[in-house]
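Overview (structure and organization)
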Amino acid sequence: MSHHLSGPNLRSPRGDARLDLTDLFAFPAAGAPGRTVLIMNVNPYAPTGGAEFHPEAVYRINIDNDGDDRADVAYSFTFSAPAGGAQGVTVRRATGEAAQRHEALGDVVFADVPVAFGGEAHVVSSPYGGYRISVGLRSDPFFADLEGIVNNFTWTGKDAMAQANVFGIALEVPDADLGPEPGIGVWARVSLHRDGQLVSVDRGAHPSLTAYFNAEEVKDAYNTGEPADDWEKYREPWTAVLQHTGDYTTDAATETLKLVLPDILRYDRSRPAAYPNGRTLTDDVTSARLAMVSGGKVTSDHIPPHTDLLPAFPYLGHPHPYPPAG
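Quick summary incoming for the structure in this document. (Residues numbered from 1 in each chain as written. Predicted model: local features only at pLDDT ≥ 70, side-chain atom pairs only at ≥ 80, totals over all residues. Heavy atoms only, no water.)

Things to note about the overall build of the protein chain
For the protein chain, the helix and strand inventory stands at 6 helices and 12 strands. In summary, the protein chain has a C-alpha radius of gyration of 19 Å against a globular reference of 20 Å for 326 residues, a match within 12%. In terms of overall dimensions, the protein chain has a C-alpha envelope of 55 × 50 × 45 Å along the principal axes. Among the 326 residues that make up the protein chain, the fraction classed as buried is 55%. Of the accessible surface of the protein chain, which amounts to about 13,300 Å², a share of 52% is contributed by carbon and sulfur atoms. With 25 positive and 42 negative side-chain charges, the protein chain shows a spacing of 1 Å between the two charge centroids. (Helix = DSSP H or I, 4+ residues; strand = E, 2+ residues; numbered from the N terminus. Rg over C-alpha atoms; globule rule 2.2 N^0.38 Å. Buried < 20%, exposed > 50% of the residue type's maximum accessible area, 1.4 Å probe, protein only. Areas by Shrake-Rupley, 256 points an atom, 1.4 Å probe, with all protein chains shown as cover. Lys, Arg positive; Asp, Glu negative; His and termini not counted. Charge placed at Lys NZ, Arg CZ, Asp CG, Glu CD.)

Focus: unusual backbone geometry
Residue tyrosine 275 is joined to proline 276 through a cis peptide bond whose omega torsion reads 10 degrees. Note that proline 276 resides in the loop between strand S12 (265-268) and helix H6 (285-293). Non-glycine residue aspartate 69 carries a positive phi angle of around 65 degrees. Looking at the secondary structure, you find aspartate 69 in the loop between strand S3 (57-64) and strand S4 (73-79). Exposure remark for aspartate 69: the relative accessible area of 17% places this residue in the buried category.

A short note on the packing of aromatic side chains
Tallying each qualifying case throughout the model produces 13 aromatic pairs. Both rings, one in phenylalanine 213 and one in tryptophan 238, keep their centres 4.7 Å apart while their planes meet at 20 degrees; by these two values the pair is stacked. Residue phenylalanine 213 is located in helix H2 (residues 210-213), and its partner tryptophan 238 is located in helix H4 (residues 230-246); the two are separated by 25 residues in the primary sequence. Among the residues examined, phenylalanine 213 registers a relative accessible area of 5% and is labelled buried. Cluster of aromatic residues (ring-pair linked, three or more members): Phe53, Tyr59, Phe79, Phe117 and Phe167. The side chain of arginine 203 reaches across the aromatic face of tyrosine 222, ending 4.0 Å from its centre. (Phe/Tyr/Trp six-rings, centres within 6.5 Å; stacked < 30°, edge-to-face > 60°. Lys NZ or Arg CZ within 6 Å of the ring centre and 35° of its normal.)

Describing the nonpolar core
If you look at soluble globular proteins, the nonpolar side chains tend to sit buried side by side. Core analysis: the largest hydrophobic core is formed by 82 residues, its most contacted members being Tyr59, Tyr75 and Phe77. The greatest single-element share of this core, amounting to 6 residues, is contributed by strand S10 (residues 183-194). Residues in contact with tyrosine 59, not counting those within four places in the same chain, are Arg18, Met40, Val42, Phe53, His54, Tyr75, Ser76, Phe77, Phe79, Ile169, Arg189 and Val190. (Core = buried A, V, L, I, M, F, W, Y, C linked by side-chain atoms within 4.5 Å. Contact = heavy atoms within 4.5 Å.)

Some remarks on the packing of H4 against helix H5 (residues 250-257)
With their axes 9 Å apart at the nearest point, H4 and H5 run at an angle of 125 degrees to one another. By the angle between their axes, H4 is oblique relative to H5. Crossing geometry of H4 relative to H5 is assigned as right-handed. In this structure, H4 contributes Trp231, Arg235, Trp238, Thr239, Leu242 and Gln243 to the contact, and H5 contributes Thr250, Ala253, Thr254, Thr256 and Leu257. Class assignment of the residues belonging to the contact of H4 with H5 gives a composition of 5 nonpolar, 5 polar and 1 charged. (Axes fitted to C-alpha atoms, helices over the stretch in contact; angles between N-to-C directions. Parallel < 35°, antiparallel > 145°, perpendicular 65-115°, else oblique. Left-handed = near helix turned anticlockwise from the far one by under 90°. Nonpolar A, V, L, I, M, F, W, Y, C, P; charged D, E, K, R; others polar.)

Let's talk about H6
Counting buried positions along H6 yields 7 of 9 residues, so the element is predominantly enclosed. Among the residues of H6, Val285, Thr286, Ser287, Arg289, Leu290, Met292 and Val293 are the ones counted as buried. Tucked into the core, H6 has its buried residues touching helix H1 (146-150), H2, H4 and H5. One or two residues past the end of H6 sits glycine 295, with phi positive at roughly 65 degrees.

Quick word on the environment of valine 135
Structurally, the position occupied by valine 135 is in strand S8 (residues 132-139). For valine 135, a relative accessible area of 3% corresponds to the buried category. In contact with valine 135, not counting residues within four places along its chain, are Phe53, Phe79, Val89, Pro114, Val115, Ala116, His122, Gly168 and Ile169.

Topic: the pattern of salt bridges
Evaluation of the coordinates by the stated rule reveals 16 salt bridges. Its salt-bridge partner being aspartate 230, residue arginine 203 comes within 2.7 Å of it at the nearest N-O pair. One end of the pair, arginine 203, is in strand S11 (residues 197-204); the other, aspartate 230, is in helix H4, and 27 residues separate them in sequence. Residue arginine 203 is classed as buried on the basis of its relative accessible area of 0%. What emerges from the salt-bridge pattern is a single network uniting Asp16, Arg18 and Glu52. (Salt bridge = Lys/Arg side-chain N within 4 Å of Asp/Glu carboxyl O.)

Some thoughts on the side chain of serine 139
Tracing the sequence through the fold places serine 139 in strand S8. For serine 139, a relative accessible area of 1% translates into the label buried. For serine 139, the side chain forms a polar contact with the side chain of histidine 320, separated by 3.2 Å. If sequence neighbours within four positions are ignored, serine 139 has contacts with Ala164, Asn165, Val166, Asp308, Leu316, Gly317, His318, Pro319 and His320. (Polar contact = N/O pair within 3.5 Å; in protein donor to acceptor, adjacent residues only side chain to side chain.)

Below is the structure:
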């Protein structure tokens, strides 16, 4: 289910939904040439598992702009302790060696911007370099017939996320701040301060990888890992998965895995955004992953994109009522 519940046994990492990365998106800003939108969603079925962002976590979007599978630019989001139903977010931009560390380092782009927990998005522009930010409770854009998938592809026509919410982090950045070339790689990470250390508890870029490919006992290790190590660590076990689920030959599995390993979302900004070149909010990633793991035998779950998306920043739809109606 995209990257929802990415800890062992279909639970959130460390049993805390606030730390659960659900989806990552990268696409051009509407009506704003030369700008890219990066969206990182967390907290599936919000606010059930947590009514605020974790104040001891570092939420992070990493950018590789030279093709070495390591971060060259990183945007970190940290949150104040909630007080009276309010919370603020501070955004930092790191480059070079600081971008490869998981801490919130670098120049402050936004400081203590209010998080929107109500129905309306709160959009703030930065006077430092043309950034925009919007953070808060939003409609979950992911769409899938999860019941049909777990019941041997007996489709129900029900979108499991039709009434679900997430906590969205939407950032609009100038293309020039992402790197000199149009091609970039993007991935997200959530880390947590515990016992004097900052520990990675979730990470990912491509949707629905860990759910299909990782055994339960390796999910925690995967979430702590670095994309630069993915090919060496996961090529063989993931090849075995494809051979089992899709009757792939070893060579065919190797070629297919090059699309998703390392777990970095490639985005060539000189070409239209459509998964796997970046990812828009309407891309049918569930069908793409089903076709991959089945070797082309299952090509769709027949669920359309959500219709509550906004045409302009922050693009994520207004949150659904909680608890869901009916």
